[in-house]
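Residues per chain, in single letters:
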Amino acid sequence: ILTLYEPLCVEALKSIHTELGPHEPHAESNDDVTIILEPLGSLMSGVGDGSVSVRPIHASFSDFLSDPNRSKTFHISPMEYHKRMAVASLRIMNKELRFNICNVETSYRQNSEIPGLEEQIAKCIPPQLLYACRFTFKHIIDHMTPSSRVDDDLLRELRIFLPQKFLFWLETLSLIKKVSESFLTMDAIAPFVSVGVSLSLHWEEATTDKMGPRTMN
């Protein structure tokens, strides 16, 4: 919660938490989120409602937990949790992204011309996937330094994402009008990542004929 770039509701947090542990079925339990959050109602808002975003009530709570000298055994390392969030978000995208995720009837219209698209987005793209599409690479950037070795779990998920889900990611960003963010994040992450797949090749393919006639707006 403290390393999120945008607050999420309890149900979305549960979906992310499931992907935080070792990549094994049920490695993390959804019940853990409820167990952890319930006693923190005086420190965080939205704890008692699964559809309301959870966020710290006071910034001092985040400052306390991120300071090892003050929080001691309760210390949370932002860099470590940025990595864990990046891995979890990649896993979510690798599982949930698919072609034509909003079941648009034709690709020969601009997104702005599609009736009821906002309702389809809300229906077809859950909050945890929206978050992952927007912020996965920002978590990677904030986890790493130029001299960092790319984490094995990150590499494993990137090797799935780049050849199999990259175009679907761009399609989703197009639907939510956030394509410009992909230029910034991919430019920033490219120097850190070498996974045997050319980022520039995938970007070239994604921005030409493979996306079809529908424009990204």
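As shown above, the structure is provided for reference.
Treat the numbers as computed from the prediction; the structure is a model and nothing was measured.

Cut-offs applied
Residues numbered from 1 in each chain as written. Predicted model: local features only at pLDDT ≥ 70, side-chain atom pairs only at ≥ 80, totals over all residues. Heavy atoms only, no water. Phe/Tyr/Trp six-rings, centres within 6.5 Å; stacked < 30°, edge-to-face > 60°. Buried < 20%, exposed > 50% of the residue type's maximum accessible area, 1.4 Å probe, protein only. Lys NZ or Arg CZ within 6 Å of the ring centre and 35° of its normal. Core = buried A, V, L, I, M, F, W, Y, C linked by side-chain atoms within 4.5 Å. Contact = heavy atoms within 4.5 Å. Salt bridge = Lys/Arg side-chain N within 4 Å of Asp/Glu carboxyl O. Helix = DSSP H or I, 4+ residues; strand = E, 2+ residues; numbered from the N terminus. Axes fitted to C-alpha atoms, helices over the stretch in contact; angles between N-to-C directions. Parallel < 35°, antiparallel > 145°, perpendicular 65-115°, else oblique. Left-handed = near helix turned anticlockwise from the far one by under 90°. Nonpolar A, V, L, I, M, F, W, Y, C, P; charged D, E, K, R; others polar.

**Student:** I'm lost on the packing of aromatic side chains in this one. Help?
**Tutor:** Two aromatic rings, taken as a pair, are described by how far apart their centres are and by the angle between their planes. If you walk through the whole model with that rule in mind, you get eight aromatic pairs. Aromatic pair Phe161 and Phe166: ring centres 6.3 Å apart, planes at 75°, arrangement edge-to-face. Given a relative accessible area of 2%, Phe166 falls into the buried group. Grouped by ring-pair contacts, the aromatic residues Phe137, Phe161, Phe166 and Trp169 constitute a single cluster. In this structure, Lys138 packs its charged tip against the face of Tyr5, placed 4.8 Å from the ring centre.

**Student:** Hey, could you run me through the nonpolar core in this one?
**Tutor:** One broad trend across soluble globular proteins is that nonpolar side chains are buried collectively. Grouped together as the largest cluster of nonpolar side chains are 51 residues, with contacts concentrated most on Leu37, Met93, Cys102, Ile125, Leu129, Phe161 and Trp169. Not counting the four nearest positions on each side in its chain, Leu129 is found in contact with Ile92, Met93, Glu96, Leu97 and Ile101.

**Student:** How do you make sense of the pattern of salt bridges when you look at a structure like this?
**Tutor:** Opposite charge on two side chains lets them pair, provided their charged atoms get close. Counted by the stated rule, this structure contains eight salt bridges. The salt bridge involving Glu19 is made with Lys95; its shortest N-O contact spans 2.6 Å. Note that Glu19 is positioned in the loop between helix H1 (10–18) and helix H2 (30–37) and Lys95 in helix H5 (residues 78–96), a separation of 76 residues in sequence. Classification of Glu19 by relative accessible area gives buried; the value is 8%. Assessed through its relative accessible area of 55%, Lys95 is described here as exposed. As a salt-bridge pair, Lys83 and Asp151 come within 3.6 Å of each other at their nearest N and O atoms. Of the two residues, Lys83 is situated in helix H5 and Asp151 in the loop between helix H7 (127–143) and helix H8 (152–164); the sequence distance between them amounts to 68 residues. Via salt bridges that share partners, Glu80, Lys83 and Asp151 belong to a single interconnected network.

**Student:** Teacher, can you tell me more about the packing of H5 against H8 here?
**Tutor:** Helix packing geometry: the angle between the two helix axes and the distance between the axes. For the pair H5 and H8, the least separation of the axes is 9 Å and the interaxial angle reads 25°. Taken together, the axis directions place H5 and H8 in an arrangement best described as roughly parallel. In the packing of H5 onto H8, the handedness of the crossing is left-handed. Contacts from Lys83, Ala86, Val87, Leu90, Arg91, Met93 and Asn94 in H5 reach Asp153, Leu154, Glu157, Leu158, Ile160 and Phe161 in H8. For the contact of H5 with H8, the residue count by class is eight nonpolar, one polar and four charged.

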